Amino acid sequence: MKTETGARQRIGLFGGTFNPVHIGHLRCAEEIREQFALHRVVFVPSFMPPHKKEPGVEPQHRCAMARLAIAGNPCFELSDIELQREGNSYSCDTISHFRRESAPGSELFFIIGSDAFSEVHTWRRYPEFFEHCGFIVMSRAGSCAAPPLNLPGSAARIFTRLDEDTYEHQCGTRIFFARVSALEISSTDIRARAACGRTISYLVTPSVERYIREKGLYR
Ligand code: ATP
Ligand code: MG
């Protein structure tokens with residue numbers, strides 16, 4: 001992760017199960033990259049998401065599909081750090097990893113959909129992980145997690161509202177609520193369609209569609 005020049009960068013970390021990665025993920029990541037002038041967005045597929053049941057499709061496949069999907073975008077990267085670590089994929093460990101690996105002064109932002117953010121209080125090391133990384137919370141069609149910040153426990157009190165969409169932690173990190181195009185696309189829906197032999201064209205990239213067909217996934 002350390003750049004050759006050691007230059008400070010604004011880096012987005014986009015964690016997910018990506019089972020499979022779809023156009024919603026790609027478009028939202030691209031909009032966030034633009035809105036927040038990120039140098040890079042790193043897709044981080046989970047090995048074992050702690051809050052979901054076993055994804056069924058092996059992490060290597062989910063990772064391979066994410067790699068295919070982002071190919072050609074010079075600002076998108078893939079990290080298999082959670083696969084290397086194995087076991088439960090805790091975001092706090094991933095954030096610590098990138099904090100260690102990035103050039104000093106780099107700014108890290110964890111990119112997350114509003115549906116997933118509404119469960120953030122159940123994550124390991126809540127709420128300390130807010131001290132180590134900024135958060136960009138993307139609007140998601142059908143999900144209501146939006147400002148005001150509704151964090152359980154004492155966590156909300158350690159944030160100050162700076163403007164309509166921005167909260168600042170007492171240590172200086174920020175939570176941004178960002179509007180992205182409402183694309184009602186989910187991996188759950190794609191898996192359901194594939195399972196009954198329906199088309200998934202234009203919901204995933206052609207490369208991912210081909211991979212799913214060739215490997216016989218989600219049948
Ligand atoms: P599943 O239905 O299996 O939960 P998903 O489509 O929600 O899959 P995830 O891998 O769970 O995909 O999502 C990774 C991250 O991307 C989450 O933070 C999620 O909120 C966000 N996300 C996924 N799809 C969208 C979308 N269409 N718009 C905005 N955010 C999204
Ligand atoms: Mg999800």
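Scroll up to find the structure.
This write-up is about the structure you can find in this document. (Residues numbered from 1 in each chain as written. Chains lettered and ligands numbered in written order. Predicted model: local features only at pLDDT ≥ 70, side-chain atom pairs only at ≥ 80, totals over all residues. Heavy atoms only, no water.)

## A word on the pairing of strand β8 (residues 174-178)
As a general feature of sheets, a regular strand has side chains that alternate between the two faces. By the criterion of burial, β8 is predominantly enclosed, with 4 of the 5 residues buried. Where strand β5 (residues 134-138) lies against β8, 4 bridges are found, and the strand directions are parallel. Within β8, the position partnered with Ile 136 by the bridge is Phe 176. Relative to β8, strand β7 (residues 166-169) runs antiparallel, the two sharing 3 bridges. For Glu 168, the partnering residue across the bridge sits in β8 and is Arg 174. (Buried < 20%, exposed > 50% of the residue type's maximum accessible area, 1.4 Å probe, protein only. Helix = DSSP H or I, 4+ residues; strand = E, 2+ residues; numbered from the N terminus. Pairing = 2+ DSSP bridges.)

## Let's talk about the packing of aromatic side chains
Evaluated as defined, the whole model comprises 20 aromatic pairs. Each ring, one from Phe 18 and one from Phe 43, has its centre 5.7 Å from the other, and the planes form 40°; the classification is tilted. Taken as a pair, Phe 18 in the loop between β1 (10-16) and α1 (23-35) and Phe 43 in strand β2 (residues 40-45) lie far apart in primary sequence, 25 residues in all. Of the two residues examined, Phe 18 and Phe 43, each falls in the buried class. Ring centres of Trp 123 and Phe 135 lie 6.4 Å apart, and the angle between their planes is 45°; on these two criteria the pair is classed as tilted. Taken together, the residues span a long stretch of sequence, with Trp 123 in the loop between α5 (114-117) and β5 and Phe 135 in strand β5 at a distance of 12 residues. A network of ring pairs unites the aromatic residues Phe 110, Phe 117, Trp 123, Tyr 126, Phe 129, Phe 130, Phe 135, Phe 159, Tyr 167 and Phe 177 as a single cluster. (Phe/Tyr/Trp six-rings, centres within 6.5 Å; stacked < 30°, edge-to-face > 60°.)

## Considerations on the pattern of salt bridges
According to the stated counting rule, one finds 11 salt bridges in the structure shown. Where Glu 77 meets Arg 40, a salt bridge forms, and the shortest distance between an N and an O atom there is 3.1 Å. Within this pair, whereas Glu 77 is found in strand β3 (residues 76-78), its partner Arg 40 is found in strand β2, the two being separated by 37 residues in sequence. On the basis of relative accessible area, Arg 40 is assigned to the buried category, the value being 9%. (Salt bridge = Lys/Arg side-chain N within 4 Å of Asp/Glu carboxyl O.)

## Brief notes about the layout of surface pockets
The computed volume of the largest pocket comes to approximately 1,200 Å³. If you trace the largest pocket, you find 45 residues lining it, with Gly 16, Thr 17, Lys 52, Asp 115 and Ala 116 closest to the centre. The volume enclosed by the second largest pocket comes to roughly 190 Å³. Taken together, Ala 194, Ala 195, Gly 197, Arg 198, Ile 200, Glu 209, Ile 212, Arg 213, Gly 216, Leu 217 and Arg 219 form the lining of the second largest pocket. Elements represented by at least two residues in the lining of the second largest pocket include exactly α6 (187-195) and α7 (206-215). When residues of the lining of the second largest pocket are assigned to their parent elements, the largest contribution, 3 residues, is made by α7. (1 Å grid on protein atoms, 1.4 Å probe; cavity = no way out; pocket = protein on both sides within 12 Å on 5 of 7 lines; lining within 4 Å. Points joined across faces, edges and corners; volume = space filled by probe spheres on them.)

## Thoughts on the side chain of Ser 106
Relative to the helices and strands, Ser 106 is located in the loop between α4 (91-101) and β4 (107-113). With a relative accessible area of 5%, Ser 106 lands in the buried category. Separated by 2.7 Å, the side chain of Ser 106 and the backbone oxygen of Ala 103 make a polar contact. In this view, Ser 106 contacts Ala 7, Arg 8, Gln 9, Ile 11 and Arg 99; residues no more than four positions away in its chain are not counted. (Polar contact = N/O pair within 3.5 Å; in protein donor to acceptor, adjacent residues only side chain to side chain. Contact = heavy atoms within 4.5 Å.)

## A closer look at the site of ligand 1
The immediate surroundings of ligand 1 are formed by 23 residues, with Lys 52, Gly 113, Asp 115, Arg 140 and Thr 188 found nearest. Contact distances for ligand 1 include 2.9 Å between an oxygen atom and a backbone N or O atom of Phe 18. For ligand 1, a nitrogen atom lies 3.2 Å from a polar atom in the backbone of Ile 185. When ligand 1 is considered free in solution it has 590 Å² of accessible area, and contact with the protein chains removes 92% of it. If you map ligand 1 onto the pockets, it falls in the largest pocket. (Near = heavy atom within 4 Å. Areas by Shrake-Rupley, 256 points an atom, 1.4 Å probe, with all protein chains shown as cover. Sits in = over half its atoms within 2 Å of the grid points.)

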